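What follows is the residue order along each chain.
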Amino acid sequence: MSQPDDLIKEMQNGSQAAFAKIYESYHKAIYGAIIVIVKESSLAEEILQDVFVKAWNSCSSYKIGKGRFYTWLLAIARNASIDATRSKAFKNSNKNLHDENFVDIIKTHNSLSRQTEFIGVQKYIDALKPVCIELINLLYFNGYTQLETAEKLDTPLGTVKTRIRNCINDLRKMLLDN
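Residues numbered from 1 in each chain as written. Predicted model: local features only at pLDDT ≥ 70, side-chain atom pairs only at ≥ 80, totals over all residues. Heavy atoms only, no water.

### Some words on the packing of helix α10 (residues 146-153) against helix α11 (residues 157-177)
Next, step 1: Taken N-terminus to C-terminus, the directions of α10 and α11 make an angle of 110°; their axes are 9 Å apart at the nearest point. Between α10 and α11, the crossing angle belongs to the class labelled roughly perpendicular. By crossing handedness, the relation of α10 to α11 is classed as right-handed. Taken together, the residues of α11 that come into contact with α10 (itself represented by Q146, L147, T149 and A150) are L157, V160, K161 and I164. (Axes fitted to C-alpha atoms, helices over the stretch in contact; angles between N-to-C directions. Helix = DSSP H or I, 4+ residues; strand = E, 2+ residues; numbered from the N terminus. Parallel < 35°, antiparallel > 145°, perpendicular 65-115°, else oblique. Left-handed = near helix turned anticlockwise from the far one by under 90°. Contact = heavy atoms within 4.5 Å.)

Quick look at the structure:
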């Protein structure tokens, strides 16, 4: 496809008709680039809309002689797609296990007890402080990162790191003493 310099100039002058033609020419290729990154059609469609809105709003920043318009659009799409995959909502939607699938593991200890009994450390887990049980449950049995755990518990990240290190040390001492 050749670069539509005349349409780009018209769009930069505010022509919605030129913008519509540019959208029609490029939207499938840009969507293809987005879907490769985000792998979810509804999110890709949303990002595609955002890309073209940004292209419309910042079209004056594109200089015809400096590079291809497609490359400029592609850079906008790539950045928007990567930003979307780094978002907390995207990461949470792609977790294998969601909080909703569990019935308060900490209070009932059912699932945690079964898992720790299976590996033979239930009596040691029971001997830990409640904060240690909660941290171990979130970090090791629910797959939370330290940052996600800190956010969930509304606790500074450094505090979570120190507490889990102390809890693991306590557990290690108990295991080595027996």
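### Brief notes about the nonpolar core
Next, step 1: Counting residues in each nonpolar core, the largest one holds 25 residues, and the members touching the most others are I30, I34, V51, F69 and L73.
Next, step 2: Contributions of two or more residues to this core are made by α1 (5-12), α2 (16-38), α3 (41-57) and α4 (69-86).
Next, step 3: Residue contacts for V51: discarding those within four places in its chain leaves I30, I34, L73, I76, A77 and A80.
Next, step 4: I133, L135, A150 and C167 belong to the second largest nonpolar core, which has 13 residues in total. (Core = buried A, V, L, I, M, F, W, Y, C linked by side-chain atoms within 4.5 Å. Buried < 20%, exposed > 50% of the residue type's maximum accessible area, 1.4 Å probe, protein only.)

### Here's the deal with α3
Next, step 1: With 17 residues, α3 ought to run about 24 Å at 1.5 Å a step, and its terminal C-alpha atoms sit 24 Å apart, in line with that.
Next, step 2: L43, A44, I47, L48, V51, F52 and A55 are the residues of α3 that are buried. Buried residues of α3, seen end-on, are gathered within an arc of 170° and therefore sit on one face of the element. Exposed residues on α3 whose side chains face more than 90 degrees from its buried face are Q49 and N57. (Expected span 1.5 Å × (residues − 1). Arc of directions from axis to C-beta.)

### Focus: the state of the cysteines
Next, step 1: Scanning the entire structure with this criterion turns up one disulfide.
Next, step 2: Put simply, C132 and C167 are joined by a disulfide, and their sulfur atoms are 2.0 Å apart. A torsion of -75° about the S-S bond marks the disulfide between C132 and C167 as left-handed. With C132 in helix α9 (residues 130-141) and C167 in helix α11, the pair connects residues that are 35 residues apart, well separated along the chain. Residue C132 shares its accessibility class with C167, and that shared class is buried. (Disulfide = S-S within 2.5 Å.)

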